[in-house]
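Below are the chains, spelled out letter by letter.
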Amino acid sequence: MTTILDRIKNGRIMIPKFQRDFVWNTGQMLDLLDSILKGFPIGSLILWTPEQERFMTIDNIEGVKVDVPITAGKLEDVCYILDGRQRVTVLLGSLFEEGDFSKDFFVNLDDMRPFRQPNFKRERFNNLAFSEAFDTYSLVGYLERLRGSSLPETVKQKYADRAKYVNRILQSYELGYINVKGGTIDEAVEIFSRLNSKATVISKDYMIQALAYNTDSDFLFGQAITNIKNGLAEYNFADISRDLIFKCVFNHTDKIFIDGKIQDILAIKEQLPQTMREVNKNIRKAVEFLYMECGVIDSKILPYSYHLVILADFFRIVSHPTREQLHELKRWFFYTTYANYFTNTSLARIRNDIYRFRRFADGSETLPLDNYDAVVVTPFPEKYSLRSVRVCSLVAVAMLAIRVDKDFSSVFETITVPVEGLENRNCSNTIVCSSKTDALKLSQLFKGTTEWSSEYEKYCLSEEMMKAYFNQEFSVFISKRNEALQAMETAFLTIIDLV
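A quick note: this is a predicted structure, and the numbers were derived from the prediction, not measured.

Per the secondary structure count, the protein chain includes 19 helices and 11 strands. Taken over the C-alpha trace, the protein chain has a radius of gyration of 30 Å; the compact-globule value for 499 residues is 23 Å, which it surpasses by more than 25%. Along the first, second and third principal axes, the C-alpha set of the protein chain runs to 80 × 60 × 35 Å. Counting every position in the protein chain, which comprises 499 residues, the buried fraction comes to 52%. Partitioning the contacts of the protein chain with sequence separation of at least 6, the portion at a separation of at least 24 is 70%. Summed over all atoms, the accessible surface of the protein chain reaches about 24,200 Å², with 47% contributed by carbon and sulfur. Counting 61 positive and 66 negative side-chain charges, the protein chain places the centres of these two groups 3 Å from one another.

This brings us to the packing of aromatic side chains. Under the criterion given, the structure shown has 30 aromatic pairs. Three or more aromatic residues link up through ring pairs in this structure, and these residues are Phe257, Tyr304, Tyr306, Tyr335, Tyr341, Phe342 and Tyr372. Here the guanidinium or amino end of arginine 331 rests over the ring plane of tyrosine 372, the centre of that ring lying 4.4 Å away. Positioned above the aromatic ring of tyrosine 341, the side-chain terminus of arginine 349 is 3.7 Å from the ring centre.

So, about the side chain of serine 35. Here serine 35 shows up in helix α2 (residues 26-37). Discounting chain neighbours no more than four positions away, the residues touching serine 35 are Phe40 and Ile42.

Okay, the sheet that holds strand β2 (residues 45-49) next. Pairing is mixed across the open sheet formed by 4 strands, whose spatial order is β1-β5-β2-β9. Each of the sheet's edge strands pairs with one partner strand only, and the pair in question is β1 (13-14) and β9 (177-181). One ladder, built from 2 bridges, connects β1 with strand β5 (residues 79-83); its direction is parallel. Bridge assignment links isoleucine 13 to a residue of β5, and that residue is cysteine 79. The sheet strands contacting helix α3 (residues 85-95) are β2 and β5, and the helix crosses β5 at an angle near 110 degrees.

Turning to its location among the elements, asparagine 126 is positioned in the loop between β7 (113-116) and β8 (127-129). Overall, asparagine 126 belongs to the buried group, its relative accessible area being 10%. At a separation of 3.2 Å, a polar atom in the side chain of asparagine 126 contacts the side chain of aspartate 110. Residues in contact with asparagine 126, not counting those within four places in the same chain, are Val107, Asn108, Leu109, Asp110 and Tyr159.

All right, on to the environment of alanine 224 then. By secondary structure assignment, the location of alanine 224 is in helix α9 (residues 221-231). Residues alanine 224 and glutamate 455, spaced 231 residues apart in sequence, show a C-alpha to C-alpha distance of 44 Å. Apart from the residues within four sequence positions on either side, alanine 224 is in contact with Phe219 and Met276.

With that settled, consider the pattern of salt bridges. A full pass over the atoms with the stated rule returns 21 salt bridges. Lysine 255 is the partner of aspartate 264 in a salt bridge, and the nearest nitrogen-oxygen pair spans 3.7 Å. The partner of aspartate 370 in a salt bridge is arginine 356, and the shortest N-O contact between them spans 2.4 Å. In this pair, aspartate 370 sits in the loop between α15 (347-361) and α16 (389-402) while arginine 356 sits in helix α15, placing the two residues 14 residues apart along the sequence. Here the residues in one salt-bridge network are Arg356, Arg359, Glu365 and Asp370, joined through shared partners.

Moving on, we come to the packing of helix α5 (residues 136-147) against helix α6 (residues 153-172). Two numbers describe how α5 lies on α6: the axes approach to 10 Å, and their chain directions differ by 175 degrees. One way to sum up the angle between α5 and α6 is to call them roughly antiparallel. Counting all contacts with α5, which are made through Thr136, Leu139, Tyr142, Leu143, Leu146 and Arg147, the residues of α6 involved are Lys156, Tyr159, Ala160, Ala163, Lys164, Asn167 and Gln171. Counted by class, the contact of α5 with α6 contains 7 nonpolar, 3 polar and 3 charged residues.

The subject of this paragraph is the nonpolar core. In terms of nonpolar packing, the biggest core is built from 106 residues, with Phe221, Phe334, Phe446 and Leu461 touching the most fellow members. Per element, the largest residue contribution to this core is 11 residues, and it comes from helix α12 (residues 272-294). Ignoring sequence-local partners within four residues, the contact set of phenylalanine 221 consists of Asp205, Ile208, Gln209, Phe246, Val249, Ile265, Leu272 and Met276.

Rules of the game
- Residues numbered from 1 in each chain as written.
- Predicted model: local features only at pLDDT ≥ 70, side-chain atom pairs only at ≥ 80, totals over all residues.
- Heavy atoms only, no water.
- Helix = DSSP H or I, 4+ residues; strand = E, 2+ residues; numbered from the N terminus.
- Rg over C-alpha atoms; globule rule 2.2 N^0.38 Å.
- Buried < 20%, exposed > 50% of the residue type's maximum accessible area, 1.4 Å probe, protein only.
- Contact = heavy atoms within 4.5 Å.
- Areas by Shrake-Rupley, 256 points an atom, 1.4 Å probe, with all protein chains shown as cover.
- Lys, Arg positive; Asp, Glu negative; His and termini not counted.
- Charge placed at Lys NZ, Arg CZ, Asp CG, Glu CD.
- Phe/Tyr/Trp six-rings, centres within 6.5 Å; stacked < 30°, edge-to-face > 60°.
- Lys NZ or Arg CZ within 6 Å of the ring centre and 35° of its normal.
- Pairing = 2+ DSSP bridges.
- Axes fitted to C-alpha atoms, helices over the stretch in contact; angles between N-to-C directions.
- Polar contact = N/O pair within 3.5 Å; in protein donor to acceptor, adjacent residues only side chain to side chain.
- Salt bridge = Lys/Arg side-chain N within 4 Å of Asp/Glu carboxyl O.
- Parallel < 35°, antiparallel > 145°, perpendicular 65-115°, else oblique.
- Nonpolar A, V, L, I, M, F, W, Y, C, P; charged D, E, K, R; others polar.
- Core = buried A, V, L, I, M, F, W, Y, C linked by side-chain atoms within 4.5 Å.

As structure tokens, then:
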């Protein structure tokens, strides 16, 4: 193991940038260290020595700097980690003094179990840092401090013996590897997929990152998706899934996302840097529309992922929509939401709808759907949950009613009105608002520490409801607020010609 780790530090074994990020959690890291302490195998590394290609590599692995090899050296002297990136990251970060985990991971010399306690400073001789145990010189320092401690001699001897044992295990542990020689990056990724089938599954975007990697540029497909996610934080949409963005990429291929395969994206791999810039622009436009026109100020409120993908496709075709087009987009969004349009629907229907939507975008059709049936405002579910499309529809309309901030500074907040005898949090005793300040004001209103004001009417509250609430006529409060919420929805849907 020491030889492998030294070769990584010296730049003879490298982690290519197209590899996925370090994703292991503390439990996985501890399992690895525990296996090593017990002498269990941790799986062989899969290395790859390509025929001709060189790849950009990671030069800092959790605080451990990697030497850059001399480019004039023989290509066969250098190989890349195809599988094992997570394991070597844990080992380098925790065993080497400069590693980011060097002060985090310890072995308890009483029970010989590893544990993690970041920046553990207090000297306890039964807790030995893995970095101190790995480095022989550091271990000597530990043994000298142990010898000068006031612990009983029998305890000193036990800790000294066990510390030396841990050092011996770490220094002599055999870490196997398989070196795959020759072949292209496509073949290397295929090997990785087959041999790594039982490990952490590689996501589609990182698979494409490997297959579409260009040695002449520093473009990383997976990182581009991460950047898009991070950029959506200002709209409270950073939590959307990577797969959702991945689906939007298919808008730029010859296939729609429900029919697309990885090969369809690879067919445009030369244009991927520009494509991802366009994907970012189109997604942002779609999110801005959802935020401003539909009250979806947080990804948690988005009723269907289809909404975002289809809207992004529209903005790919139409950079500057007309007022009429925006009105129809808004009608489409609320119709498909209130009608549960995408719930348990068929792929054939979605496929037809996407092509219809594209004809609407290019002006061939005046409406994004063939027809709109009259929307019926159905009763609310018994529980308030954003997993319910019905609840999302209510929240979106409520957000429009209270008017979200045009500078995208709104944040999604809810307060639950305490109602005696009510088992579940429901729509009638849940009030949504767009700022922490408003949430605080509403909380104070129901505590009786602030007086009624007409400004609270936008939350579907009334002075009559508040009197009923404080008179503990909770059923009256729930009933009247339920009526007010549905009346608000009906009025809104009437305005946009859906009822």
